Amino acid sequence: MKNTFGQNVTITLFGESHGAAVGAVLDGIAAGLPADETFIAQRLTLRRPQLASDTARKEKDDFRILSGVKDGFTTGAPLTVIVPNEDIRSGDYEQIRNLPRPSHADYAARIKYGGYEDYRGGGHFSGRVTAALVAAGAILLQALENKGVIIGSHILSCGNVSDERYSLDPTSEIKNTKGKPFPVLNDNKQEEMLAEIAEAAKNNDSIGGTVETAICGLPAGLGEPWFDSIESMLSHAVFSLGGVKGIEFGAGFSLPRMRGSEANDEFYVGEDKKILTRTNNSGGINGGISNGMPIVFTCAVKPTASVAKPQHTVNLCTEENAELTLKGRHDPAIVRRICPVIESAAAIVLCDFISARYGTNALADKNFRF
């Protein structure tokens with residue numbers, strides 16, 4: 001089981017949904033980065049259930065930093081953070097231990113780990129583990145912001161309701177949605193989306209959506225061609241999140257319907273002699289390398305797999321067909337809660353690239369500017 005991502009800056013995730021805690025180890029980060037526990041708590045709040053449309057499982061997320069931080073700053077040693085699990089009801093899963101839930105990892109995990117996997121609440125495959133990713137990612141997000149790089153996400157669509165897309169320079173839009181429990185650009189869309197979620201929940205079902213993410217302030221020249229391109233590494237990180245089933249950069253899947261002259265992003269010289277493009281159909285990336293424009297990508301988030309409707313499955317003990325009706329506490333939609341998780345995953349990728357190009361200490365160096 002491999003749980004480590006990154007080359008220069010790495011993160012290792014551990015823990016299970018119904019275990020004592022979930023956690024993360026950040027390694028390769030510079031000494032002297034702020035480890036603001038208030039900011040970490042704010043980021044965890046954005047991921048935590050807090051609306052009527054979220055799961056009834058309520059966790060305090062009272063995280064603890066066990067190593068790598070002294071007097072509020074990173075020491076350069078591996079940073080370990082844990083988020084205890086407290087609101088656990090493992091009995092909900094005992095009766096379905098041998099009934100794999102459709103579109104969950106239950107069956108695949110049983111085959112791979114021979115029945116030794118922790119099946120309670122999805123175990124290590126659970127979205128609960130993303131709490132640790134958000135806690136660790138908060139430190140990297142703050143380090144990036146201190147260098148003028150900001151990452152933001154909003155719910156682009158939920159069911160049949162769509163929000164507006166980011167503008168060519170989404171800096172102000174990211175700042176305006178920062179801290180919103182339900183991040184949309186057009187506030188009028190929130191109630192419509194919540195109504196879609198409520199309708200799905202009323203019918204013992206779930207609903208999916210899309211999340212648009214933008215990265216502003218990143219310099220040109222980050223990334224590598226071919227296998228370590230910014231697209232490939234961001235995709236690698238984001239596809240590690242169980243709810244994400246698709247990704248596009250810039251205009252993405254709309255590009256095949258364009259002519260080349262329409263799809264191409266023409267260059268021009270802007271203020272302070274900065275090279276910019278008049279459109280951003282490529283999502284801020286050319287040849288796998290950042291071109292100085294905002295990096296923009298959209299993720300397709302599937303409907304939550306846990307639904308209370310009766311579903312067909314198999315009994316792994318009797319090898320017979322069976323029917324499954326799930327109990328327990330589940331989100332009718334995760335498109336809201338996954339936004340800070342995607343941002344944390346992106347922050348890890350960017351810090352890894354920055355460390356490779358500018359050195360390990362770049363983000364902590366007060367004199368360093370992109």
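Residues numbered from 1 in each chain as written. Predicted model: local features only at pLDDT ≥ 70, side-chain atom pairs only at ≥ 80, totals over all residues. Heavy atoms only, no water.

Colleague: Report on the layout of surface pockets, specifying residues and quantitative values.
Modeller: Within this model, the second largest pocket holds a volume of roughly 330 Å³. As for the second largest pocket, its lining consists of 17 residues, of which Gly 217, Lys 274, Leu 276, Gly 292 and Pro 294 are closest to the centre. Of the residues assigned to the lining of the second largest pocket, the class counts are 10 nonpolar, four polar and three charged. (1 Å grid on protein atoms, 1.4 Å probe; cavity = no way out; pocket = protein on both sides within 12 Å on 5 of 7 lines; lining within 4 Å. Points joined across faces, edges and corners; volume = space filled by probe spheres on them. Nonpolar A, V, L, I, M, F, W, Y, C, P; charged D, E, K, R; others polar.)

Colleague: Break down the sheet that holds strand 8 (residues 150–158) for me, with residues and values.
Modeller: Across the sheet, five strands lie side by side as 9-8-10-16-11; this open sheet has antiparallel pairing. Each edge of the open sheet carries a strand with a single partner, namely strand 9 (161–162) and strand 11 (244–249). As judged from the five bridges shared by strand 11 and strand 16 (residues 295–301), these two strands associate in the antiparallel manner. Counterpart to Val 244 in the pairing with strand 16 is Val 301. (Pairing = 2+ DSSP bridges. Helix = DSSP H or I, 4+ residues; strand = E, 2+ residues; numbered from the N terminus.)

Colleague: Just give me the short version of the environment of Leu 99, but keep the residues and values in it.
Modeller: Assignment of secondary structure puts Leu 99 in the loop between helix 2 (91–94) and helix 3 (106–113). The sequence separation of Leu 99 and Asp 365 amounts to 266 residues, and the corresponding C-alpha distance is 53 Å. Once you skip the residues sitting within four places of it in the chain, Leu 99 turns out to touch Thr 313, Val 314, Asn 315, Ala 322, Glu 323 and Leu 324. (Contact = heavy atoms within 4.5 Å.)

Colleague: Please give an account of helix 7 (residues 230–238) that cites residues and values.
Modeller: Of all the positions in helix 7, only Ile 230, Met 233, Leu 234, Ser 235, Ala 237 and Val 238 are classed as buried. Buried residues belonging to helix 7 abut strand 1 (4–5), strand 11, strand 14 (285–286), strand 15 (289–290), strand 16 and helix 9 (339–358). (Buried < 20%, exposed > 50% of the residue type's maximum accessible area, 1.4 Å probe, protein only.)

Colleague: Could you give an account of the state of the cysteines, naming the residues involved and the relevant values?
Modeller: Counted by the stated rule, this structure contains zero disulfides. Not part of a disulfide, Cys 216 finds its nearest cysteine sulfur in Cys 339, a span of 15 Å. Residue classification places Cys 216 among the buried positions, given a relative accessible area of 3%. Between Cys 351, a free cysteine, and Cys 216, which holds the nearest cysteine sulfur, the sulfur-to-sulfur gap is 16 Å. Residue Cys 351 is classed as buried on the basis of its relative accessible area, which comes to 1%. (Disulfide = S-S within 2.5 Å.)

Colleague: Could you give an account of the packing of helix 1 (residues 37–47) against helix 9, with specific residues and numbers?
Modeller: Relative placement of two packed helices is described by the angle separating their axes and the distance separating the axes. At a minimum axis separation of 7 Å, helix 1 and helix 9 run at an interaxial angle of 130 degrees. By the criterion of interaxial angle, the relationship of helix 1 to helix 9 is oblique. Mapping the contact onto sequence places Arg 43, Leu 46 and Arg 47 in helix 1 and Pro 340, Val 341, Glu 343 and Ser 344 in helix 9. A per-class count over the contact of helix 1 with helix 9 returns three nonpolar, one polar and three charged. (Axes fitted to C-alpha atoms, helices over the stretch in contact; angles between N-to-C directions. Parallel < 35°, antiparallel > 145°, perpendicular 65-115°, else oblique.)

Colleague: Talk me through the sheet that holds strand 2 (residues 10–15); I want residue IDs and the actual numbers.
Modeller: Backbone-to-backbone hydrogen bonds join strands into a sheet, with any given pair of strands oriented parallel or antiparallel. The five strands are arranged 1-2-3-7-4 in an open sheet whose pairing can be described as antiparallel. Only two strands of the sheet have a single partner each, and these edge strands are strand 1 and strand 4 (64–67). Pairing of strand 4 with strand 7 (residues 79–84), which is carried by three bridges, proceeds in the antiparallel orientation. The residue bridging Ser 67 from the neighbouring strand is Thr 80, located in strand 7.

Colleague: Tell me about the packing of aromatic side chains, residues and numbers included.
Modeller: In total, this model carries four aromatic pairs according to the counting rule given. Each ring, one from Phe 249 and one from Phe 297, has its centre 5.7 Å from the other, and the planes form 45 degrees; the classification is tilted. Placement of the pair is Phe 249 in strand 11 and Phe 297 in strand 16, with a sequence separation of 48 residues. Neither Phe 249 nor Phe 297 differs from the other in exposure class; each is buried. Taking the centre distance of 5.2 Å and the plane angle of 85 degrees together, the rings of Phe 368 and Phe 370 count as edge-to-face. In this structure Phe 368 comes out as buried when scored by relative accessible area, which is 16%. Taken together, the aromatic side chains of Tyr 358, Phe 368 and Phe 370 make up a single cluster linked through ring pairs. (Phe/Tyr/Trp six-rings, centres within 6.5 Å; stacked < 30°, edge-to-face > 60°.)

All quantities given are derived from atomic positions and should not be read as evidence of function.
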